[in-house]
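# Results of the structural survey
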Protein chains: 2
Amino acid sequence: MTPEALTPERILEATEEVLRRYGPAKATVVDVARALGVSHGSVYRHFRTKAELREAVTHRWLGRTEGTLEELTASPGPAPEKLRDWLATLFEAKREKAGGDPELFATYNVLIDESSGVVDRHLTVLEDQVRRILEEGVAAGEFEAPDPAASARAVFAATARFHDPAHAPGWRSPTADTEFDEVVGLLLRGLRP
Amino acid sequence: MTPEALTPERILEATEEVLRRYGPAKATVVDVARALGVSHGSVYRHFRTKAELREAVTHRWLGRTEGTLEELTASPGPAPEKLRDWLATLFEAKREKAGGDPELFATYNVLIDESSGVVDRHLTVLEDQVRRILEEGVAAGEFEAPDPAASARAVFAATARFHDPAHAPGWRSPTADTEFDEVVGLLLRGLRP
């Protein structure tokens, strides 16, 4: 690849592939450069350090879910149904990531442990989407939430069982979907005016 | 110690101490017998296998919290306040165990992974206590819960953040208590008639 064709996105794609192949402990910037057929200097021109590259690839991984959920957040529709959809979509996205490609999921969990800032930003983005749905519902008389930001945090914390990677081993349990419905039902009741 | 003085409770106390000292990977029944000044045959008279001994000590560890919460469950008082107290007591008990003796907590987390039956029974006991509080509240007109067992599971799952050991690293966070109040407030609102 010529240095001109080398975009940040191409580097991040290659980094994900290298991480999948070698694992987070062994993958190096030199491996990424080799996979792209460029010098490691070319990679460093876009990402100044290995840590920066790893944070960027983690941000990209988490950002995919953020994008899907942002579309849902911005779509029209009654807020209670939207909140239920939003939580179901988050659960399904996380479950897909964990079940569809367990090695990559494990790899990202290692990266997540080392880049807490990226994760904090991710959680802020998601909680902010929930807050917007709650505010919309309050404005439409569908929800009662005197402090929507606080309620958004509560909704997010109360559904940790269905999105926090620490709970991934339970996501394939035969009762997981029933539990999800029960929890979300109770939360929606708690938000009723 | 004479074999006559050797009770199951004394063996379990010694086992906990041995686990604390050597860790779950290295602790053996011979270590337990040595700590008690008896033969390992005497220990095996009470617990037939090493696995049985480890399950019994895990059951004892989890049972302490069950006992405290059972007292609370059986005490009189309005159900909403009782449920809040029950959840706060559970959170505090787990946080104490995690923070007060982190090595023993880590040890028990290893034991818990190997004795899923003991943990399932523990969770069943706790969810059943919540169900009883909910039924009491329904009878008193303080709660609405058409299926108290399902609502108990939901309350328990929605508060995983505050009792599941997978979340222990976050329990000392400065916002943990506020988050707890927000989640429990939302759940109590969801149980209103």
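Residues numbered from 1 in each chain as written. Chains lettered and ligands numbered in written order. Predicted model: local features only at pLDDT ≥ 70, side-chain atom pairs only at ≥ 80, totals over all residues. Heavy atoms only, no water.

### Observations regarding the overall build of chain A
Within chain A, the secondary structure is distributed over nine helices and zero strands. Starting at the N terminus, the α and β elements of chain A follow one another as α-α-α-α-α-α-α-α-α. Its C-alpha atoms give chain A principal-axis dimensions of roughly 60 × 35 × 25 Å. Relative to its 193 residues, chain A shows a buried fraction of 47%. Counted over contacts in chain A with a minimum sequence separation of 6, partners at least 24 positions apart contribute 69%. Total accessible area computed for chain A in this model is approximately 9,000 Å², and 55% of it derives from carbon and sulfur atoms. Chain A carries 24 positive and 32 negative side-chain charges, and their two centres are separated by 5 Å. (Helix = DSSP H or I, 4+ residues; strand = E, 2+ residues; numbered from the N terminus. Buried < 20%, exposed > 50% of the residue type's maximum accessible area, 1.4 Å probe, protein only. Contact = heavy atoms within 4.5 Å. Areas by Shrake-Rupley, 256 points an atom, 1.4 Å probe, with all protein chains shown as cover. Lys, Arg positive; Asp, Glu negative; His and termini not counted. Charge placed at Lys NZ, Arg CZ, Asp CG, Glu CD.)

### Comments concerning the nonpolar core
One finds Leu-83 and Trp-86 of chain A together with Leu-83 and Trp-86 of chain B to be the most contacted residues of the largest nonpolar core, which totals 112 residues. For Trp-86 of chain B, the residues in contact, after removing those within four places along its chain, are Leu-69, Leu-72, Thr-73, Leu-126, Gln-129, Val-130, Ile-133 and Phe-156 of chain B. (Core = buried A, V, L, I, M, F, W, Y, C linked by side-chain atoms within 4.5 Å.)

### A closer look at the side chain of His-167 of chain B
Along the polypeptide, His-167 of chain B turns up in the loop between α8 (148–158) and α9 (176–191). In terms of polar contacts, His-167 of chain B uses its side chain to reach the side chain of His-167 of chain A, at 2.6 Å. Excluding its chain neighbours within four sequence positions, the residues that come into contact with His-167 of chain B are Ala-160, Asp-164 and His-167 of chain A together with Ala-160 and Arg-161 of chain B. (Polar contact = N/O pair within 3.5 Å; in protein donor to acceptor, adjacent residues only side chain to side chain.)

### Considerations on the interface of chain A and chain B
One frequently used descriptor of interface size is the decrease in accessible area upon assembly of the parts. Residue-level contacts link 20 residues of chain A with 20 residues of chain B. For the pair chain A and chain B, the summed buried surface comes to about 1,900 Å²; carbon and sulfur atoms form 60% of the total. When the buried surface of chain A facing chain B is broken down by residue, Glu-182, Leu-186 and Arg-189 of chain A rank first, second and third, together holding 29% of it. Linking chain A to chain B there are four salt bridges. A salt bridge links Glu-182 of chain B to Arg-153 of chain A; the shortest N-O distance between them is 2.8 Å. Mapped onto the side of chain A that touches chain B, the elements with two or more residues apiece are α8 (148–158) and α9 (176–191) of chain A. Of all the elements, α9 of chain A adds the most residues to the side of chain A that touches chain B, at seven residues. In terms of residue class, the side of chain A that touches chain B is made up of 11 nonpolar, two polar and seven charged. (Buried area = accessible area lost by both parts, 1.4 Å probe. Salt bridge = Lys/Arg side-chain N within 4 Å of Asp/Glu carboxyl O. Nonpolar A, V, L, I, M, F, W, Y, C, P; charged D, E, K, R; others polar.)

### What about the relation of the copies chain A and chain B?
Between chain A and chain B, the superposition needs a rotation of 180° and an axial shift of 0.0 Å, giving an RMSD of 0.0 Å. Here the symmetry operator amounts to a two-fold rotation axis. Minimal C-alpha separation from the rotation axis in chain A is found for Gly-190 of chain A, amounting to 1.7 Å. Comparing contact sets, 100% of the residues at the interface of chain A also lie at the interface in chain B, consistent with an isologous, same-surface contact. (Least-squares fit on C-alpha atoms with pLDDT ≥ 70 in both.)

### Some words on the environment of Arg-20 of chain A
Residue and element names in this part refer to chain A. By the element assignment, Arg-20 lies in helix α1 (residues 8–22). Here the alpha-carbon distance between Arg-20 and Phe-105, two residues 85 residues apart in the chain, equals 9.2 Å. Non-local contacts of Arg-20, meaning those with residues more than four positions away in its chain, are made with Asp-101, Glu-103 and Leu-104.

### Overview of the domain arrangement of chain A
Residues and elements named next belong to chain A. Taken domain by domain, chain A comprises domain 1 (3–46) and domain 2 (54–191). Taking only C-alpha atoms, the centre of domain 1 and the centre of domain 2 are 30 Å apart. With nine residues of domain 1 at the interface, the matching set in domain 2 holds 13 residues. Here domain 1 packs against domain 2, burying approximately 970 Å² in sum over the two surfaces, 57% of which is carbon and sulfur. When the buried surface of domain 1 facing domain 2 is broken down by residue, Glu-16, Arg-20 and Pro-24 rank first, second and third, together holding 56% of it. Seen at the junction of domain 1 and domain 2, the total is four salt bridges. Glu-16 is the partner of Arg-60 in a salt bridge, and the nearest nitrogen-oxygen pair spans 3.5 Å. For the pair domain 1 and domain 2, the interface holds five residue pairs in polar contact (both at pLDDT 80 or more). When its residues are assigned to classes, the side of domain 1 that touches domain 2 shows four nonpolar, one polar and four charged. (Domains from an automatic or database assignment.)

### Looking at the UniProt feature "DNA-binding region" (unreviewed entry) in chain A
Annotation from UniProt places "DNA-binding region" (unreviewed entry) at residues 28–47 of chain A. Along residues 28–47 of chain A one finds 75% helix and 0% strand; the C-alpha atoms at either end are 13 Å apart. (UniProt positions renumbered as here; feature names shortened; annotations may be inferred.)

### Some points on the environment of His-40 of chain B
Assignment of secondary structure puts His-40 of chain B in helix α3 (residues 40–46). Each residue touching His-40 of chain B, except ones within four places of it in the same chain, is listed here: Val-29, Val-30 and Ala-33 of chain B.

### Topic: the UniProt feature "domain: HTH tetR-type" (unreviewed entry) in chain A
The UniProt entry lists residues 5–65 of chain A under the feature "domain: HTH tetR-type" (unreviewed entry), expressed in the numbering used here. Here residues 5–65 of chain A is 75% helix and 0% strand, with 27 Å between the C-alpha atoms at its ends.

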